[in-house]
Amino acid sequence: MIRTLVADDEALARQSIRLVLEADDEITVVDEAANGTYAVESARRHRPDIAIVDVHMPHDGLVAAREMLRLEHPPRVIMLTSFALDEYLYTALEAGVDGFLTKDVQPEDLISAVKVVARGEAIISPSMTRSLIQRHTSSLPARGMQERLRALPEVQRDILALLAEGQSNAEIGACLDLTESQVKVHISRILRLLRLTNRVQAAILAYSAGLAPRRCEDGSDKPRI
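Quick look at the structure, then. (Residues numbered from 1 in each chain as written. Predicted model: local features only at pLDDT ≥ 70, side-chain atom pairs only at ≥ 80, totals over all residues. Heavy atoms only, no water.)

1. Quick notes on the sheet that holds strand E6 (residues 123-124)
Formally: Here, a strand pair is defined by DSSP locating no fewer than two bridges between the strands. Put simply, DSSP marks the helices as runs of H or I at least four residues long and the strands as runs of E at least two long, and each gets a number from the N terminus on. Whether two residues touch is decided by their heavy atoms; if any such pair falls within 4.5 Å, the residues are in contact. Lines fitted to the C-alpha atoms define the axes, with helices restricted to the stretch that makes contact. Angles between their N-to-C directions range from 0 to 180 degrees.
Strand order in the open sheet formed by six strands is E2-E1-E3-E4-E5-E6, and the pairing between neighbours is parallel. The open sheet terminates on both sides in strands that have one partner only, identified here as strand E2 (27-33) and E6. Packed onto the sheet, helix H2 (residues 36-46) meets strand E1 (2-7) and E2 and runs at close to 135° relative to E2. Across the sheet, helix H3 (residues 61-69) lies against E1, strand E3 (50-54) and strand E4 (76-81), angled at about 175° from E4, the strand it touches most.

2. A short note on unusual backbone geometry
It is generally the case that most residues other than glycine have a negative phi and that most peptide bonds are trans. What counts is decided by this rule: Only protein chains enter the accessibility calculation, which uses a 1.4 Å probe; a residue whose area is less than 20% of its type maximum is buried, one above 50% is exposed, and one in between is partly exposed.
Positive phi, normally seen in glycine, also occurs at Arg47, with a value near 50°. Relative to the helices and strands, Arg47 resides in the loop between H2 and E3. Given the relative accessible area of 46%, Arg47 is considered partly exposed. The phi angle at Asp177 is positive, at roughly 60°, despite the residue not being glycine. Turning to its location among the elements, Asp177 is positioned in the loop between helix H9 (169-176) and helix H10 (180-194).

3. Notes on the pattern of salt bridges
Quick reminder of the rule: Basic side-chain nitrogens of Lys or Arg form a salt bridge, by our definition, when they fall within 4 Å of a carboxyl oxygen of Asp or Glu.
Applying the stated criterion to the full structure yields 10 salt bridges. A salt bridge links Arg44 to Glu41, with the nearest nitrogen and oxygen atoms 2.7 Å apart. With Arg44 and Glu41 both in helix H2, this residue pair falls three residues apart, about one helical turn. By relative accessible area, which is 44% here, Arg44 ends up partly exposed. Residue Asp54 is joined to Lys103 by a salt bridge in which the shortest nitrogen-to-oxygen separation is 3.4 Å. On the criterion of sequence distance, the pair formed by Asp54 in strand E3 and Lys103 in the loop between strand E5 (99-102) and helix H5 (107-118) is long-range, its members being 49 residues apart. Classification of Asp54 as buried rests on a relative accessible area of 4%. Connected through shared salt-bridge partners, Arg14, Arg18, Glu22 and Glu32 make up one network.

4. Topic: H2
Just so we agree on the cut-off: Taken from the helix axis, the directions to the C-beta atoms give the arc we talk about. Pairing of N or O atoms within 3.5 Å defines a polar contact, subject to two protein rules: one partner must be a possible hydrogen donor and the other a possible acceptor, and residues neighboring in sequence count only if both atoms are side-chain atoms.
Regarding H2, the residues found buried are Gly36, Ala39, Val40, Ser42 and Ala43. Along the axis of H2, the buried residues cluster in a sector spanning 165°; they form a single face. The inward-facing, buried residues of H2 abut E1, E2 and H3. Its side-chain oxygen at 3.1 Å from the backbone nitrogen of Thr37, Asn35 defines the N-terminal cap of H2.

Quick look at the structure:
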């Protein structure tokens, strides 16, 4: 069972999210919070697996997310926003959150996002993904980013590039003829070698390094440095 905390200053929004999540047999909502301060206290008390946090709520959702991530038993954090181009996205990703979704997300996609993040993967609303990451990484020195990637074996650079394209572990494995478990092991090593917190930060680094696509054996895109 995926234990979830819902933090939003609007009661109707909290109740709607609870109803959506608890319609799935694998998810339960352990608590609700109307502001960032209570959200952190609730996370400390209930130790949820996932915290869904409204970035714009009182007492600052982003500050609350950062504090949650510093707890002894931190939840994985999914931020919610009403805006497709949210100024807090890049800051949230750098802080280590695992997901960033717009509030118009479809119910089935919200449930899917919770499950994806619970598996240790990361997710960003499709309307935000590439354009916003590129926007925030365009001023970073590509050469410095490329130097960081030289520590990775070729297969891990390929995995990182596919990850930056938004591919799941299963899709990466199919492209590179690896099992999903092997992909997970490689991603863990990539994060450790690059001193990153999660997959989204790795995607930012990949974009900054200027990864370009090549072709998988099945004809789909496969990136190359």
